[in-house]
Amino acid sequence: MKEIIAENYLCFLALIEMIIQDVIGTNCIDQFYLAEYFGVTVPKDYKIDIKNIQYSDRDRQLGVHIDEDKLNILFQNAGIPLHTDYIYVNPFEDNKIDDYRYPNLRSNKYVVYTYSYGYLYGIPKSYDIGHVALLDKVISQSCLRIYDPGPQNHGYKEVNRFEMYEAMRIIKSGIYIFETNI
């Protein structure tokens with residue numbers, strides 16, 4: 001899979017770009033096209049070459065806010081053989097999709113975590129900043145290898161699975177599961 005580095009506030013869209021490119025083998029839809037399609041929220045003083053834009057001074061509102069229905073409509077209209085579901089994190093247990101004992105659950109799927117950037121990376125002042133990462137590999141019951149699209153400190157990282165779930169719980173988020181329809 002080709003690594004793509006996100007533009008500021010387009011981290012989720014960069015991962016969608018990576019997934020689409022991996023599925024169809026071409027880079028016909030990039031993060032900027034997706035930002036124009038779905039819209040993006042940025043700070044008032046931030047400059048980006050996108051027309052479908054809103055402004056906010058609240059960290060939690062920055063970035064792209066879309067649901068699985070909007071994504072599935074895009075995939076269907078563009079003829080991309082993908083379907084996505086969103087699973088909210090359970091406050092009492094972790095999901096089996098990234099459990100070491102269930103590798104078959106990940107077959108033909110891409111798992112994208114949505115989480116508190118500040119919590120996962122130990123930056124308390126950034127707890128309200130949402131971020132995403134693509135699951136690359138389940139290393140052990142407690143260790144995941146993820147791809148963080150950045151833009152800051154982008155790349156592959158090993159993180160504690162249980163800390164990832166706490167980072168999701170902090171902002172009441174969850175996991176997108178993209179499945180190929182091929």
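Thresholds applied
Residues numbered from 1 in each chain as written. Predicted model: local features only at pLDDT ≥ 70, side-chain atom pairs only at ≥ 80, totals over all residues. Heavy atoms only, no water. Buried < 20%, exposed > 50% of the residue type's maximum accessible area, 1.4 Å probe, protein only. Helix = DSSP H or I, 4+ residues; strand = E, 2+ residues; numbered from the N terminus.

Please explain unusual backbone geometry as it appears in this structure.
Outside of glycine, negative phi angles account for most residues, and trans bonds account for most peptide bonds. Cis geometry marks the peptide bond from G150 to P151; its omega dihedral reads 20°. Although it is not a glycine, Y9 sits at a positive phi angle of roughly 75°. Using a relative accessible area of 26% as the deciding quantity, one classes Y9 as partly exposed. In the Ramachandran plot, K172 falls in the positive-phi region, its phi being about 55° despite a non-glycine side chain. By the element assignment, K172 lies in the loop between α5 (161–170) and β8 (174–180). Assessed through its relative accessible area of 70%, K172 is described here as exposed.

Teacher, can you tell me more about the environment of L105 here?
When you line up the elements, L105 lands in the loop between β3 (82–88) and β4 (109–116). For the pair L105 and I87, spaced 18 residues apart in the sequence, the C-alpha separation amounts to 14 Å.

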